[in-house]
Amino acid sequence: MAKVLIIYHRGTLGAWRATYESHVTSFAKYSDHECLYLNTARPHVPHYIRSFQPDLVVFHYTFLAVRQDPPAFRAMVRRIGFVKDLDCTKVLIPHDEQAHSDFLCEIVNDFGVTHIFTPASRSEWPQIYEGIDFTRTRLHTVLTGYIDEGSVKRIAALARRHHRRDIDVGYRAWDSYAFYGRHGQLKSEIGRVFAARAPEFGLRTDISSSYKDALMGDRWFEFLLRCKYTIGVEGGSSVFDRDGSIAECSMRYVSEHETPSFEEVEAACFPHMDGEFGYRLIGPRHLEAVMTRTCQVLVVGDYAGVLKPELHYLGLERDFSNLPQVLERMRDDTEREAMTERAYRDIVASGRYSYQAFADLVYAESLGHLSKRGEAVLTPARRRIMRLNRFDDRVWLWRASMDTSVRRALRPVLSRVLGED
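Counting of residues starts from 1 at the beginning of each chain's written sequence and follows it residue by residue. Selection of residues for local features in this predicted model requires a pLDDT of at least 70, selection of side-chain atom pairs for listing and counting requires 80 or more, and totals for whole chains, interfaces and linings are taken over all residues. Excluded from the side-chain calculations are hydrogens and water; all other atoms, namely the structure's heavy atoms, are used.

Asks: Tell me about the pairing of strand β4 (residues 89–92), and please be specific about residues and values.
Replies: The alternating pattern of β4 places Thr-89 and Val-91 on one face and Lys-90 and Leu-92 on the opposite face, and all of these are buried. For two strands to be treated as a pair, DSSP must find no fewer than two bridges joining them. Numbering of helices and strands starts at the N terminus; helices are DSSP runs of H or I of at least 4 residues and strands are runs of E of at least 2. By the bridge criterion, 4 bridges tie strand β3 (residues 56–59) to β4 in an arrangement that is parallel. Considered in β4, the bridge of Val-57 is made with Lys-90. Across 2 bridges, β4 lies against strand β5 (residues 115–118) in parallel orientation. Considered in β5, the bridge of Leu-92 is made with Ile-116. Seen with the strands pointing away from the viewer, any crossover whose path from the first strand over the helix to the second strand runs clockwise is right-handed. Handedness of the β-α-β unit built from β4, helix α5 (residues 101–111) and β5 comes out right-handed. Working definition: with a 1.4 Å probe on protein chains only, accessible area under 20% of the residue-type maximum means buried, over 50% means exposed, and in between means partly exposed.

Asks: Can you explain the packing of aromatic side chains? Please cite residues and give values.
Replies: A pair of Phe, Tyr and Trp rings is counted when the ring centres sit within 6.5 Å of each other, with Trp represented by its six-membered ring. The angle between the planes then sorts it: under 30 degrees is stacked, over 60 is edge-to-face, the rest tilted. Under the definition given, this model contains 19 aromatic pairs. Here Trp-174 and Tyr-211 contribute two aromatic rings whose centre-to-centre distance is 4.9 Å and whose plane-to-plane angle is 35°, an arrangement assigned as tilted. With Trp-174 in the loop between β7 (167–172) and α8 (181–197) and Tyr-211 in the loop between β8 (205–208) and α9 (218–226), this pair connects stretches of sequence that are 37 residues apart. Look at Phe-277 and Tyr-279: their rings are 5.8 Å apart centre to centre, the planes differ by 15°, and that puts the pair in the stacked class. Tyr-279 matches Phe-277 in its accessibility class, with the two residues each being buried. Taken together, Phe-27, Tyr-146, Tyr-355, Phe-358 and Tyr-363 form an aromatic cluster joined through their ring pairs. Think of it as a cone above the ring: NZ of Lys or CZ of Arg counts as a charge over the ring if it is within 6 Å of the ring centre and within 35 degrees of the ring normal. Between the NZ or CZ atom of Arg-172 and the centre of the ring of Phe-223, over which it lies, the distance is 4.7 Å. Note that Arg-390 overlies the ring of Tyr-37, its terminal NZ or CZ placed 4.4 Å from the centroid.

Asks: Any details on the state of the cysteines? Residues and values, ideally.
Replies: Counting rule for disulfides: a pair of cysteine sulfur atoms within 2.5 Å. Per the counting criterion, the structure on display carries 1 disulfide. Each sulfur in the disulfide pair Cys-249 and Cys-269 lies 2.3 Å from the other. With the S-S bond torsion at -75°, the cross-link from Cys-249 to Cys-269 turns out left-handed. Of the two residues, Cys-249 is situated in helix α10 (residues 245–256) and Cys-269 in helix α11 (residues 262–269); the sequence distance between them amounts to 20 residues. Overall, Cys-249 belongs to the buried group, its relative accessible area being 18%. With no disulfide of its own, Cys-35 has Cys-88 as its nearest cysteine by sulfur position, at a separation of 13 Å. On the accessibility criterion, Cys-35 (3% relative accessible area) is buried.

Asks: Provide a residue-level description of the sheet that holds strand β13 (residues 313–316), including the pertinent values.
Replies: Strand order in the open sheet formed by 5 strands is β8-β7-β9-β12-β13, with parallel pairing between adjacent strands. The open sheet is flanked by β8 and β13, the only strands paired with a single partner. Averaged over all pairs of adjacent strands, the angle between strand axes in this sheet comes to 20°, irrespective of strand direction. Fitting a line to C-alpha atoms yields each axis, with helices limited to the stretch in contact; the angle taken between N-to-C directions then spans 0 to 180 degrees.

Asks: Just give me the short version of the environment of Asn-109, but keep the residues and values in it.
Replies: Mapped onto the elements of the fold, Asn-109 is located in helix α5. When its relative accessible area of 37% is taken as the criterion, Asn-109 is described as partly exposed. When the C-alpha positions of Asn-109 and Gly-131 are compared, they lie 8.7 Å apart, and in sequence the two are 22 residues distant. Whether two residues are in contact is decided by their heavy atoms, any of which lying within 4.5 Å being enough. Non-local contacts of Asn-109, meaning those with residues more than four positions away in its chain, are made with Gly-131, Ile-132 and Arg-136.

Below, the structure is given as structure tokens:
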């Protein structure tokens with residue numbers, strides 16, 4: 001048994017998705033290790049965390065995502081500076097490595113990270129982690145998300161209430177920022193193409209790129225259960241933005257010009273750079289479609305070797321050249337059930353892509369023999385500390401949320417009494 005410290009970030013504002021919760025909690029849920037959590041949204045580190053002597057520290061992607069706001073991220077890094085002095089194994093689990101990889105490399109070098117669990121292809125590792133000593137830091141391939149057993153059970157219960165798939169093609173995707181490159185543009189382009197062409201083949205569609213049509217939580221699962229097919233492409237980017245300057249330039253250009261085309265933004269902010277980077281990922285939505293037995297029509301790609309064309313999904317060429325043939329197959333609908341059942345068996349029922357498998361991989365690769373250190377049952381005192389930690393985190397989040405809500409409610413009243421200043 002080992003002692004594990006998980007450093008993550010959950011603020012009071014913004015969406016906290018179910019996938020974040022499943023990923024963060026998997027380290028404690030699927031092991032007997034003594035796991036304590038440190039939320040970097042808190043202004044101070046609790047004393048019992050500072051006195052904790054872990055065998056393993058995990059820098060979670062929710063913490064690393066704050067690097068998109070450099071001043072806030074640097075402040076949080078300073079707050080957890082005590083971790084630099086801990087003599088233990090340290091693990092980085094990043095997402096969105098196409099952006100601000102300079103901060104990721106700083107964390108690796110400054111904190112002595114020994115393992116990186118990355119969804120990036122091996123071919124992109126030298127570019128993303130330039131300046132890292134690969135003899136001291138080992139890299140391992142993982143997915144961005146995994147199958148959550150709780151979601152599988154909820155979907156099974158929802159499926160018993162949804163007996164009709166009355167939508168032929170369903171999809172939700174927002175227009176991608178230009179700085180994700182042409183690969184990023186495919187996410188919205190495929191929606192526009194199917195919305196225009198599918199009705200010609202008698203297919204009923206529910207496709208939207210509007211935020212007002214967003215579906216969260218179980219509403220998203222219910223939507224997929226109504227769909228015979230959903231469409232998609234690998235996540236990721238074809239532009240590498242080491243220090244965030246490309247994103248900054250792109251956002252500024254868009255704000256200063258009225259609805260510029262992708263080509264205009266590209267020429268102004270990252271000329272001749274698109275396509276020099278291959279960051280392509282299988283995402284949670286691909287797995288959610290499998291869990292709901294919704295057949296996928298996907299732009300042909302690698303999908304981390306999990307989804308295979310014509311075995312688990314209908315393959316669409318990147319230039320949409322075979323779109324009429326694909327739409328004809330969808331109208332016939334004879335392949336769909338066999339394909340979805342095969343995908344469910346290989347990906348969900350197999351257990352190979354579960355959060356249990358993910359946690360086991362991280363612990364086995366990073367802790368080795370330490371993963372079984374101290375096989376005795378946790379002492380009552382240690383169990384109390386673990387319960388205190390989770391309770392403490394939730395109470396802090398509740399109090400901070402209440403403070404935010406109260407301030408928001410009182411602001412109009414105080415501004416009328418005291419003035420805007």
